[in-house]
Amino acid sequence: MASSPPPLAWPAVHKRFAAVLGANRVLKRREDLLAYDCDGLTLHRHAPNLVVLPRSAAEVVTAVKLCVESGLPFVARGSGTGLSGGAISSDGAVLIVTSRMRRILDVDVDNQTILVEPGVINNWVTRAVAGDGFYYAPDPSSQNVCSIGGNVAENSGGVHCLKYGVTSNHVLELEVVLPDGSLTRFGGHVAEMPGLDLRGLFIGSEGTLGIATAIRLRLLRQPEAVRVLLADFAAMEAAGDGVRRIIAAGILPAGMEIMDNFTLNATEDLLRTGIYNRRAAAALLVELDGQAAEVEAACQATEDLLTAAGAEGVRKADSPAACERLWEGRKAAFAAMGRISPSYYVQDGVVPRSALPKVLQAIAAISRRYDLPIANVFHAGDGNLHPLILYDHHEPGIIQRVEQAGADILHLCVEMGGSITGEHGIGADKRCAMALMFSTMDLDTMTRVRQAVDPQQRANPNKLFPTPTGCAEASRRSVRVPMEVY
């Protein structure tokens, strides 16, 4: 991989980029660069030396070609809401920020597609087509601020991924600037295209294969009816049993989310809705959608199943406003932690649904072992956990404790037959944990694919894949979670 230029070379680099792209497309002042020193995961910080703000695919091509000519790596960044440190600069990389590329290029209602630039905000897509009776299904909790380009890079999920799948299920076509600066297209207007699925390869590659500059998305017709149920449980195990019963009955909700007592009280302190039972050990949200008759039948069956599982109370909503009100706390769960703790570190492991009670007990044991509060909120339907480790970054030695607690949670998820990530990606944060899931041969195969597209590994260096020295050190520090805590 090309080495970084010496510090004295940066003024010349700034001048060259500004001369080609324009001074208003290039940030170089320290106070401007500090705004880009981390993404949503504040544990990792590294201010870039140069930020480029293109407004078009042509300007992205120009920026990448300038990086190639200057021997510089580059990192693509959207809204910066990612939670794995994937959009921060490292090793002298130029940060290419697509947040100004916010045009909706085409709306094709007849074929239920929309073509957008990467900086378009997730919920803008639905707003653009709602009047025609359509919507865009993937809905991360940060959908009011996260961008489609970032969603593609991370293969983001959301509340509705249980029924409708993650981002890769809704992307038809990509215009991509490759690491050598050439422009190409993957996929097409229709779902099934001949040849290798390069579209699928690019989605979730976390910026290591290039930068998407236009994305064609699949639209869904708005359901005829939507119902949301909120159930309170005196034990987390009972909430997990409620999830199990619903799935076993053949009901496929649009989404199922659980918040533990810690989290639901934090959100109630923030929002003051009066909706959440502060005494409950767990709150389970279930959303059902579809044809009106189907939803009504499923709603009654679901309420019966929740009651049979031990729900102490079930609240139902059927109007858009009432449904949104029940979801408000879940959507604000991460933000609510800011009232409790100066910092938090969120993990993103996945476990089989049947393992949820044991895994949550083990996470509680990890919390006690490291003397760190951990709040739990998760996509219960597909076992995607989001434990939030709360800490004060001013406390001496706290970062190592937090990172070790996070590593133990990832070990736990893998040991229980799960994964180290469900939707937040690997980035810089979890690349050393890739060896927990993949053999050396697996990782070598992935690296070879990357090298075929980017031989010099210029695109988003030191992300996604482990590096031998640093990750060997991390693995020696990691401790397996004792099986007796299960």
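Criteria and thresholds
Residues numbered from 1 in each chain as written. Predicted model: local features only at pLDDT ≥ 70, side-chain atom pairs only at ≥ 80, totals over all residues. Heavy atoms only, no water. Helix = DSSP H or I, 4+ residues; strand = E, 2+ residues; numbered from the N terminus. Buried < 20%, exposed > 50% of the residue type's maximum accessible area, 1.4 Å probe, protein only. Lys, Arg positive; Asp, Glu negative; His and termini not counted. Salt bridge = Lys/Arg side-chain N within 4 Å of Asp/Glu carboxyl O. Contact = heavy atoms within 4.5 Å. Phe/Tyr/Trp six-rings, centres within 6.5 Å; stacked < 30°, edge-to-face > 60°. Expected span 1.5 Å × (residues − 1). Pairing = 2+ DSSP bridges. Core = buried A, V, L, I, M, F, W, Y, C linked by side-chain atoms within 4.5 Å. Axes fitted to C-alpha atoms, helices over the stretch in contact; angles between N-to-C directions. Parallel < 35°, antiparallel > 145°, perpendicular 65-115°, else oblique. Left-handed = near helix turned anticlockwise from the far one by under 90°.

Digging into the side chain of Asp232
Logical step 1: Structurally, the position occupied by Asp232 is in strand β12 (residues 225-233).
Logical step 2: In this structure Asp232 is buried but unpaired, with Arg315 as the nearest side chain of opposite charge at 6.5 Å.
Logical step 3: Discounting chain neighbours no more than four positions away, the residues touching Asp232 are Asn277, Ala280, Ala282, Gly310, Ala311, Glu312 and Gly313.

A look at the packing of aromatic side chains
Logical step 1: Inspection of the entire model under this criterion finds 3 aromatic pairs.
Logical step 2: Here Tyr135 and Tyr164 contribute two aromatic rings whose centre-to-centre distance is 6.5 Å and whose plane-to-plane angle is 90°, an arrangement assigned as edge-to-face. Pair noted here: Tyr135 is in strand β7 (residues 134-135) and Tyr164 is in helix α6 (residues 161-164), with a separation of 29 residues, a long-range link.
Logical step 3: For Tyr135, a relative accessible area of 15% gives the class buried.

Here's the deal with helix α8 (residues 236-248)
Logical step 1: Taking 1.5 Å per residue as the helical rise, α8 with its 13 residues ought to reach 18 Å, and the 18 Å between its terminal C-alpha atoms agrees with that figure.
Logical step 2: Three or more residues of α8 are buried, namely Met236, Ala238, Ala239, Gly240, Gly242, Val243 and Ile246.
Logical step 3: At the C-terminal side of α8, Gly250 shows a positive phi close to 85°.

A closer look at the sheet that holds strand β3 (residues 74-77)
Logical step 1: Across the sheet, 4 strands lie side by side as β1-β2-β4-β3; this open sheet has mixed pairing. In this open sheet, the two edge strands, each paired with only one partner strand, are β1 (26-27) and β3.
Logical step 2: Of the strand pairs in this sheet, β1 and strand β2 (residues 51-52) are connected by 2 bridges, and their pairing is antiparallel. Residue pairing in the sheet places Val26 in a bridge with Val52 of β2.

A look at the nonpolar core
Logical step 1: In this structure, Phe233, Ile258 and Leu385 are the most contacted members of the largest nonpolar core, which totals 50 residues.
Logical step 2: By residue number, the principal contributor to this core is helix α13 (residues 356-370), which donates 7 residues.
Logical step 3: What Ile258 contacts, discounting residues up to four positions off in sequence, is Met236, Ala239, Gly240, Val243, Ala282, Ala283, Leu284, Asn376, Val377, Phe378 and Ala380.
Logical step 4: With 25 residues, the next largest nonpolar core counts Leu83, Ala280, Val377 and Leu388 among its residues.

Some details on unusual backbone geometry
Logical step 1: If you check the backbone angles, Glu206 has positive phi at about 55° while not being a glycine.
Logical step 2: As for its placement among the helices and strands, Glu206 is situated in the loop between α7 (198-202) and β10 (211-218).
Logical step 3: The phi dihedral of Leu464 is positive, around 70°, even though this residue is not glycine.
Logical step 4: Within the secondary structure, Leu464 is located in the loop between α16 (440-453) and α17 (468-477).

Section: the packing of α13 against helix α14 (residues 398-415)
Logical step 1: Relative to each other, α13 and α14 sit at 160°, their axes nearing to 10 Å. Looking at the two axes, α13 sits roughly antiparallel to α14. Between α13 and α14 lies a crossing whose hand is right-handed. Taken together, the residues of α14 that come into contact with α13 (itself represented by Val359, Ala362, Ile363, Ile366, Arg369 and Tyr370) are Arg401, Gln404, Ala405, Asp408, Ile409 and Leu412.

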